[in-house]
Amino acid sequence: MPRPISATISLSSLRHNLRAVATQLEQACTRSRPARPNIWAVIKANAYGHGIDQAVSAFAQADGLAMLDLNEAVRCRELGWTKPILLLEGFFEPGDIPVLDEYRLATALHCQEQLDMLAAAKPARPLDAFVKLNVGMNRLGFSQEAYPDAYRQALDARERGVLNLVGKMSHFARADDDAVVTGQQLDVFNRVAAGLPGRFSVCNSAATLTPGLWTTVPCDEAQWVRPGICLYGASPFADRSAAQLGLLPAMTLAARLISVRDIPQGAGVGYGHTFMAQGPMRIGIVACGYADGYPRHAGTGTPVTVDGVRTQLIGRVSMDMMAVDLTPVPQARVNSPVVLWGHGGPSVDEVAQAAGTIGYELLCAVAPRVPRAIID
Ligand SMILES: *Cc1c(COP(=O)(O)O)cnc(C)c1O
């Protein structure tokens, strides 16, 4: 028997979350904005750990897919995805450009080096591109000063038949926690992009789900939003849960108890004995550890569900195992089901918070050794 741990991916939850985002966008429409923006479903990092194949199937209703990795993009085409694909970091060397050409991949253009590579390229068919503006994330993108010239170079490339659609894109640094800074960054985008022709894309999950944000971007051309994390049923916000946003967990990380024991008062549990029993108690050992991608920084008190009952992790997470408190679950025994996060257990965001990180990291970090089960 394989080790009793698995990550179950729910296609229906992925579909539900995409629908929930589309519905929220539709409800935000106004008389002057009668149609919702197009949706790039962001599926980078193996669809946030859920698997490219699953994402391509579940996000069939999305208007496009966005990701970083050329191989993942090619995989989407091989799986039959015919709608647009956007590479969020664009290409890395001249040899990538023929791949963009062959597989019809739209590219971000965020630096002069990419424009230079493009100037020397001769794709058989012109490529679609979004020129990226840095509005204060200070990660990728042209500065406000450099942007108009970069955009002109892209339009020149269109004249030469190297590019087809040329659009504008940006990315907010604080859409999840600071409306004032986000408003300032949006103003920068609106000011710099004003008058430059082309479709545009500025919103990640947090910005997409912030009521009234996308509707305030002036637009006479198509807008594309780029939600990622919310499609997987985790929240982009620290102060609003995925459930409050109407999202369903798409990944359930579950395991079983492989040992149950009674320990006396004063007994230490696990490496370093960071947990000491206050009195006699029953504990369970779960077949999940940090080598499965569970965060080692999750300490005593991190929520976990055993046999449908919410309880807590105790002591240090070790490589292949962790200990849980069975006090509220007296019926638990070897083989009792344990939900680490997801359906029937704590949310991935709760576990992440206990470990000082975010749900994104936990979803992406589930180890290849954990078998995936796909359900519809
Ligand atoms: C990852 C990413 C997104 C999606 O972000 P979420 O917070 O997961 O919604 C959007 N745009 C870019 C450029 C990204 O890198």
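All values derive from a computational prediction rather than experimental measurement.

## With respect to the layout of surface pockets
Working step 1: Considered as a void within the structure, the largest pocket measures approximately 910 Å³ in volume.
Working step 2: Considering the residues around the largest pocket, the lining is formed by 42 residues, among which Asn204, Ile229, Pro236, Ile358 and Tyr360 are closest to the centre.
Working step 3: Elements with a contribution of two residues or more to the lining of the largest pocket: helix H2 (44–48), helix H9 (205–208), helix H10 (348–354) and helix H11 (359–365).
Working step 4: Ranked by residue count, the leading element in the lining of the largest pocket is H10, at four residues.
Working step 5: Here the residues of the lining of the largest pocket are counted per class, giving 21 nonpolar, 10 polar and 11 charged.
Working step 6: Formed jointly, the lining of the largest pocket draws a minimum of three residues from each of two domains, domain 1 (11–232) and domain 2 (251–375).

## Considering the pairing of strand S1 (residues 5–10)
Working step 1: The element S1 is extensively covered by neighbouring structure, given that five of its six residues are classed as buried.
Working step 2: When S1 meets strand S10 (residues 251–263), the two strands line up antiparallel, connected through five bridges. Residue Ile9 lies in a different strand from S10, and its bridge partner there is Met251.
Working step 3: For S1 and strand S18 (residues 372–375), the ladder comprises four bridges, and the chain directions are parallel. Residue pairing across strands places Ala7 opposite Arg372, the latter belonging to S18.

## Thoughts on empty space enclosed by the protein
Working step 1: As enumerated under the stated definition, the model contains one cavity of 30 Å³ or more in all.
Working step 2: Taken together, Lys132, Leu133, Asn134, Val135, Met137, Arg139, Leu140, Ser170 and His171 form the lining of the largest cavity.
Working step 3: Here the lining of the largest cavity is composed, by residue class, of four nonpolar, three polar and two charged.

## Focus: the domain arrangement of the chain
Working step 1: By domain assignment, the chain separates into domain 1 (11–232) and domain 2 (251–375).
Working step 2: A straight line from the C-alpha centre of domain 1 to that of domain 2 covers 38 Å.
Working step 3: Contacts between domain 1 and domain 2 engage nine residues on the former and seven residues on the latter.
Working step 4: For the pair domain 1 and domain 2, the summed buried area comes to about 740 Å², and 66% of that belongs to carbon and sulfur atoms.
Working step 5: Of all residues in domain 1, Tyr48, Gly49 and Ile229 bury the most surface against domain 2, accounting for 52% of the area lost on that side.
Working step 6: For the pair domain 1 and domain 2, the number of links is zero salt bridges.
Working step 7: For the interface between domain 1 and domain 2, the tally reads two residue pairs in polar contact (both at pLDDT 80 or more).
Working step 8: Listed by contribution, the elements that provide at least two residues to the side of domain 1 that touches domain 2 are helix H1 (11–27) and H2.
Working step 9: Looking at side-chain class alone, the side of domain 1 that touches domain 2 contains five nonpolar, four polar and no charged residues.

## A short note on the state of the cysteines
Working step 1: One pass over the structure, following the stated rule, counts zero disulfides.
Working step 2: With no disulfide of its own, Cys364 has Cys230 as its nearest cysteine by sulfur position, at a separation of 14 Å.

## Structural notes on the packing of aromatic side chains
Working step 1: Applying the stated criterion to the full structure yields eight aromatic pairs.
Working step 2: Ring geometry for Trp40 against Phe130: centres 6.0 Å apart, planes inclined by 75°, an arrangement best described as edge-to-face. Linking Trp40 in strand S2 (residues 38–42) with Phe130 in strand S6 (residues 127–132), this pair joins segments that are 90 residues apart in sequence.
Working step 3: Pairing Trp40 with Trp224 gives two aromatic rings, centres 4.2 Å apart and planes at 35°, and the pair type is tilted. Of the two residues, Trp40 is situated in strand S2 and Trp224 in strand S9 (residues 224–225); the sequence distance between them amounts to 184 residues.
Working step 4: Grouping aromatic residues by their ring pairs yields a cluster made of Tyr48, Phe59, Tyr232 and Tyr360.

## Let's talk about the site of the ligand
Working step 1: Of all residues adjacent to the ligand, which total 13 residues, the nearest are Lys44, Tyr48, Ser205, Gly228 and Tyr360.
Working step 2: A distance of 2.5 Å separates an oxygen atom of the ligand from a polar atom in the side chain of Tyr48.
Working step 3: Tyr360 has a polar side-chain atom sitting 2.6 Å from an oxygen atom of the ligand.
Working step 4: Protein coverage of the free-state accessible area of the ligand, which is 380 Å², stands at 93%.
Working step 5: Residue composition of the shell around the ligand, by class: six nonpolar, four polar and three charged.

## Comments concerning the pairing of strand S17 (residues 337–341)
Working step 1: Taking burial as the measure, the five residues of S17 include four buried ones, the bulk of the element.
Working step 2: In this structure, S10 lies alongside S17, joined through four bridges in antiparallel fashion. Considered in S17, the bridge of Ala255 is made with Val338.

## Topic: helix H8 (residues 179–193)
Working step 1: Between its first and last C-alpha atoms H8 spans 20 Å; for 15 residues at 1.5 Å apiece the expected length is 21 Å, and the two agree.
Working step 2: Among the residues of H8, those classed as buried are Thr182, Gln185, Leu186, Val188, Phe189, Asn190, Val192 and Ala193.
Working step 3: Buried-residue contacts for H8 involve helix H7 (147–159), strand S7 (163–169) and strand S8 (200–201).
Working step 4: Capping the start of H8 is the job of one residue whose side-chain oxygen sits 3.0 Å from the backbone nitrogen of Val180: Asp178.
Working step 5: One or two steps after H8, the chain reaches Gly195, where phi turns positive at roughly 85°.

About the cut-offs
- Residues numbered from 1 in each chain as written.
- Predicted model: local features only at pLDDT ≥ 70, side-chain atom pairs only at ≥ 80, totals over all residues.
- Heavy atoms only, no water.
- 1 Å grid on protein atoms, 1.4 Å probe; cavity = no way out; pocket = protein on both sides within 12 Å on 5 of 7 lines; lining within 4 Å.
- Points joined across faces, edges and corners; volume = space filled by probe spheres on them.
- Helix = DSSP H or I, 4+ residues; strand = E, 2+ residues; numbered from the N terminus.
- Nonpolar A, V, L, I, M, F, W, Y, C, P; charged D, E, K, R; others polar.
- Domains from an automatic or database assignment.
- Buried < 20%, exposed > 50% of the residue type's maximum accessible area, 1.4 Å probe, protein only.
- Pairing = 2+ DSSP bridges.
- Contact = heavy atoms within 4.5 Å.
- Buried area = accessible area lost by both parts, 1.4 Å probe.
- Salt bridge = Lys/Arg side-chain N within 4 Å of Asp/Glu carboxyl O.
- Polar contact = N/O pair within 3.5 Å; in protein donor to acceptor, adjacent residues only side chain to side chain.
- Disulfide = S-S within 2.5 Å.
- Phe/Tyr/Trp six-rings, centres within 6.5 Å; stacked < 30°, edge-to-face > 60°.
- Near = heavy atom within 4 Å.
- Areas by Shrake-Rupley, 256 points an atom, 1.4 Å probe, with all protein chains shown as cover.
- Expected span 1.5 Å × (residues − 1).

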